[in-house]
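# What the coordinates show
Residue-level listing of the chains:
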Amino acid sequence: MKSFLLKYKYHFLIIFVGLCCLEVLNFLLQLDKQMLIYPDCSNYLESAKKMYLKFTGHYYRPMLMAFITGIPYLFGSSDAGIFEWSFVVNVFCWFGTSIILFEILKSFFKEKVAFWFAMLPLFILGNIILNYHLLTENIFVFFTILAFYLLFQYYKTGKFWYLSLSLSLALSSMLIKPGAKFFGIVMLLFFIKEILKNYKHKSMIFLYGSFLMIVIQVVGMKVQYGDFTISYIDGVTYHNYICSKAECYKNGKEYEQINNPRAEYLFGLDFTDQKKVALEDLKQQIKTNFSNLVKAYFSDVIENSKTGNACVEDLKNYENNHYFSFWKSFVFDISKWQNRLFTLLGLVLSVFFLFKGFIKEKAYFFVAFFVAYIIILSGISCGQGDRFHLVTFPFVILLLAKFLSEKKRLKSFFEALQK
């Protein structure tokens, strides 16, 4: 038992520090007493109910997220139990992200230094707060960092099963967050020769399994709603956000997310028509309103890069504590500056590793590509605070640690810390 604790002491320390961070923020902001359920959370609850109680799919939320979210329904859970389960899953994935990051960092740092870097995601306030909401972010980050860990193992050992499982996780993540589909496809295409060479390998079962889930999702959407698609959320998103903002610029109006007549019109259509109208609108905007579309895009990226956690703004002081307003404002400001710092670092480091990694270290190339991909993709939407970019922050920490480890002066500093 003693040898076991010594072997995994840093893993337990990460969990202990994480629990402390979680409890301190909960105490200061009354996170477990909040009752606001966001529309996205209601959507994820609805998708779980459709899967487990009605045996159907959801028009916006894919099957894997619904499967994870709705497990308690197998045991007769109420809707309230789903939210409690969501908190457990989110916290598990939140801890898991730091632990996997620690395992990756040990490949170029000794354990002591790797531990300090691995603890940094635990202090990203936006991720702590999202643990209390039925959302995809922490689950998606866990899937992605596990996929990268397996990719690192593949490059280290050359064993195909690591690659197969890594790619299956990358592809499966689009069934949690549909916006990840292009990232998964790029990774798949990059390794297509290796896949074709090993198509009879036993470990291909992981990839075949993810392909099967995607086929079930796409065919199910066709049968139920009329289109071969992962989700209808992409069309709704770019129509109601970037395209609506571009139209407002064109007409000299101020964009409003809530009072948006274009969104109200779109939601009044059936899902097939939503997809068609959104696509035609995008084509028309590119042809006739391109400059405002570009302006709207950069406005969205800038907003997503500098805003704080939107959930903090909606917190209520149910216990009437005199210090609540101060800590609410303080946490929001910290989340705002964390977003700015990590986004800026993410952009700089991703450019550095995209060029360097493609030539020398392919695994870091994909980490950098993921960071850049998320930040670039965020331009299609707005009004969500730091929610878009915070999924990149653990990966920015990984790139930063790798970058610092390769600088001679800093390397000598870290080596002194390890003694």
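In this report, the structure presented in the accompanying data block is examined.

The next point concerns the overall build of the protein chain. Helix and strand counts for the protein chain stand at 21 helices and 0 strands. What you see for the protein chain is a C-alpha radius of gyration of 22 Å, in line with the 22 Å of a compact globule of 419 residues. For the protein chain, with 419 residues in total, the buried portion stands at 53%. In the protein chain, once contacts between residues fewer than 6 apart in sequence are set aside, the share between residues at least 24 apart is 73%.

With respect to the helices and strands, Gln384 occurs in the loop between helix 19 (362-377) and helix 20 (393-405). A polar contact is formed between the side chain of Gln384 and the side chain of Arg387, at a distance of 3.2 Å. Each residue touching Gln384, except ones within four places of it in the same chain, is listed here: Tyr241, Gln257, Glu303 and Ala310.

Turning our attention to the packing of aromatic side chains. Overall, the coordinates contain 44 aromatic pairs when judged by the stated rule. Ring plane angle 90° and centroid distance 5.4 Å describe the contact between Trp327 and Phe330, whose orientation is recorded as edge-to-face. Here Phe330 and Trp327 lie together in helix 18 (residues 324-359), a separation of 3 residues that amounts to about one turn. Classification of Phe330 by relative accessible area gives partly exposed; the value is 39%. Geometry around Phe108 places Lys402 over its ring, the cationic atom sitting 5.0 Å from the centre.

Bringing helix 10 (residues 181-190) into the picture now. Every α-helix winds through 3.6 residues per turn, so residues three or four apart in the chain are directed the same way. Within the span of helix 10, buried status applies to Lys181, Phe183, Gly184, Met187 and Leu188. With its buried residues spanning 165° around the axis, helix 10 presents them on a single face. Among the structural elements, helix 8 (137-157), helix 9 (160-172), helix 11 (192-197), helix 12 (204-225), helix 13 (233-251) and helix 19 are those in contact with the buried residues of helix 10.

This part covers the packing of helix 8 against helix 9. Contact geometry of helix 8 with helix 9 gives a least axis separation of 8 Å together with a crossing angle of 160°. Judged by the inter-axis angle, helix 8 sits roughly antiparallel to helix 9. The handedness of the crossing between helix 8 and helix 9 comes out as left-handed. Across the interface between the two elements, Phe143, Leu146, Ala147, Leu150, Leu151, Gln153, Tyr154 and Thr157 from helix 8 touch Phe160, Tyr162, Leu163, Leu165, Ser166, Leu169 and Ala170 from helix 9.

Within the largest apolar cluster, 111 residues are counted, with the highest numbers of intra-cluster contacts made by Leu105, Phe148, Phe191 and Leu398. Per-element tally for this core: the top contributor is helix 8, with 12 residues. Not counting residues within four places of it along the chain, the set of residues in contact with Phe148 comprises Phe183, Phe366, Val367, Phe370 and Phe395. The next biggest cluster of nonpolar side chains, apart from the first, holds 8 residues, and it includes Tyr60, Met221, Val236 and Leu266.

This part takes up the environment of Val236. Within the secondary structure layout, Val236 lies in helix 13. According to the relative accessible area criterion, Val236 is buried, its value standing at 7%. Val236 sits 98 residues away from Asn138 along the chain, and the two C-alpha atoms are 23 Å apart. Not counting chain neighbours up to four residues away, the residues in contact with Val236 comprise Tyr60, Leu266, Phe267 and Gln274.

Here we take up the pattern of salt bridges. With the rule as written, the count across this model stands at 16 salt bridges. Ionic pairing is found between Glu111 and Lys106, a salt bridge with its closest N-O pair at 3.7 Å. Residue class for Glu111 comes out partly exposed when judged on its relative accessible area of 32%. Here Arg262 and Asp281 are joined by a salt bridge, their closest N and O atoms 2.6 Å apart. Taken as a pair, Arg262 in helix 14 (residues 261-267) and Asp281 in helix 15 (residues 271-288) lie far apart in primary sequence, 19 residues in all.

Another aspect to go through is unusual backbone geometry. Of all residues except glycine, most have a negative phi; of all peptide bonds, most are trans. Residue Phe55 is not a glycine yet carries a positive backbone phi of 55°. By the secondary structure assignment, Phe55 is in the loop between helix 3 (39-54) and helix 4 (63-69). A positive phi is found at Asn320, a non-glycine position, where the angle reads about 55°. For Asn320, the location among the structural elements is in the loop between helix 17 (310-313) and helix 18. Residue classification places Asn320 among the exposed positions, given a relative accessible area of 66%.

A word on helix 16 (residues 290-306). Relative to the 24 Å expected for 17 residues at 1.5 Å per residue, helix 16 spans 25 Å between its end C-alpha atoms, a close match to the ideal helical length. Along helix 16, the residues that are buried comprise Asn292, Leu293, Ala296, Asp300, Val301, Asn304 and Ser305.

Turning our eyes to something else, we now look at the packing of helix 5 (residues 79-105) against helix 6 (residues 111-119). The interhelical angle for the contact between helix 5 and helix 6, taken along N-to-C directions, is 145°, at an axis separation of 9 Å. Pair helix 5 / helix 6 crosses with right-handed handedness. On the side of helix 5, the interface is formed by Ser98, Leu101, Phe102 and Leu105, while helix 6 contributes Glu111, Ala114, Phe115, Phe117 and Ala118. The class makeup of the residues in the contact of helix 5 with helix 6 is 7 nonpolar, 1 polar and 1 charged.

This paragraph deals with the environment of Ile14. Relative to the assigned elements, Ile14 resides in helix 2 (residues 9-29). Classification of Ile14 by relative accessible area gives buried; the value is 0%. Distance in space between the C-alpha atoms of Ile14 and Ala118 is 7.8 Å, their sequence separation being 104 residues. Those residues in contact with Ile14, other than ones at most four positions away along the chain, are Ser98, Ile99, Phe102, Phe115, Ala118, Met119 and Leu122.

Calculation rules
Residues numbered from 1 in each chain as written. Predicted model: local features only at pLDDT ≥ 70, side-chain atom pairs only at ≥ 80, totals over all residues. Heavy atoms only, no water. Helix = DSSP H or I, 4+ residues; strand = E, 2+ residues; numbered from the N terminus. Rg over C-alpha atoms; globule rule 2.2 N^0.38 Å. Buried < 20%, exposed > 50% of the residue type's maximum accessible area, 1.4 Å probe, protein only. Contact = heavy atoms within 4.5 Å. Polar contact = N/O pair within 3.5 Å; in protein donor to acceptor, adjacent residues only side chain to side chain. Phe/Tyr/Trp six-rings, centres within 6.5 Å; stacked < 30°, edge-to-face > 60°. Lys NZ or Arg CZ within 6 Å of the ring centre and 35° of its normal. Arc of directions from axis to C-beta. Axes fitted to C-alpha atoms, helices over the stretch in contact; angles between N-to-C directions. Parallel < 35°, antiparallel > 145°, perpendicular 65-115°, else oblique. Left-handed = near helix turned anticlockwise from the far one by under 90°. Core = buried A, V, L, I, M, F, W, Y, C linked by side-chain atoms within 4.5 Å. Salt bridge = Lys/Arg side-chain N within 4 Å of Asp/Glu carboxyl O. Expected span 1.5 Å × (residues − 1). Nonpolar A, V, L, I, M, F, W, Y, C, P; charged D, E, K, R; others polar.

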